[in-house]
Amino acid sequence: TNYNEHIIHSTAGAVDVEVTVDGTNWTSSASNPIAMQDMHATASGTFVTVTAAGKAYKLIGKFKKIRLVQNGATAATAKMASYAR
């Protein structure tokens, strides 16, 4: 993407976030933790590696591609918005 800041919102189920900086090699929260800031946490600066339903998360970084993959048996629904260059 052309952006440095990304918001991920999971409305159902949990999702793993996978990123690539070269378009070929993917890094996931399972293989190499990708920390996302929990925007709904009561404590400022709370970071997680897997999303939970009904929350929004902030991911900072310059990635060629980002993909969201269902984590667990519950069907996941998630949206992503990128902003800030």
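Within each chain, residues carry numbers counting from 1 in the order of the written sequence. Only residues with pLDDT of at least 70 get local features here, since the model is predicted, and only at 80 or more are side-chain atom pairs given and counted; chain-wide, interface and lining totals rely on the full set of residues. Where side-chain values are given, they derive from all heavy atoms of the structure, hydrogens and water being excluded.

A. Molecular detail of the sheet that holds strand S4 (residues 36-38). Should DSSP find at least two bridges between two strands, the strands are regarded as paired. Each helix is a run of H or I in the DSSP string that is no shorter than four residues. Each strand is a run of E no shorter than two, and both are numbered from the N terminus. Taken together, the five strands give an open sheet; going across it, the order is S5-S4-S6-S1-S8, and neighbouring strands pair in antiparallel fashion. At either margin of the open sheet sits one strand with a lone partner, and together these are strand S5 (47-48) and strand S8 (77-83). Two elements, strand S1 (residues 5-12) and strand S6 (residues 55-60), share six bridges in a ladder whose sense is antiparallel. Bridge pairing links serine 10 to lysine 55 in S6.

B. A look at the pattern of salt bridges. A side-chain nitrogen of Lys or Arg and a carboxyl oxygen of Asp or Glu constitute a salt bridge if their distance falls within 4 Å. On inspection of all chains with the given rule, the structure shows three salt bridges. The partner of lysine 58 in a salt bridge is glutamate 5, with the nearest N and O atoms 3.6 Å apart. Within this pair, whereas lysine 58 is found in strand S6, its partner glutamate 5 is found in strand S1, the two being separated by 53 residues in sequence. Residues aspartate 38 and lysine 55 are paired through a salt bridge, measuring 3.1 Å at the closest nitrogen-oxygen approach. Of this pair, aspartate 38 sits in strand S4 while lysine 55 sits in strand S6, and the two are 17 residues apart along the sequence. The partly exposed category is assigned to lysine 55, whose relative accessible area is 27%. Residue exposure (1.4 Å probe, protein chains only): buried if accessible area is under 20% of the type maximum, exposed if over 50%, otherwise partly exposed.

C. Region of interest: the pairing of S6. Where S4 meets S6, two bridges bridge the pair, whose relative direction is antiparallel. Looking across to S6, one finds that aspartate 38 is bridged to tyrosine 57.

D. Inspection of the side chain of aspartate 38 at higher detail. The exposure class of aspartate 38 is buried, given its relative accessible area of 7%. Once residues lying within four places of it in the same chain are set aside, the contact partners of aspartate 38 are Thr46, Lys55, Ala56 and Tyr57. We call two residues in contact whenever any of their non-hydrogen atoms come within 4.5 Å of each other.

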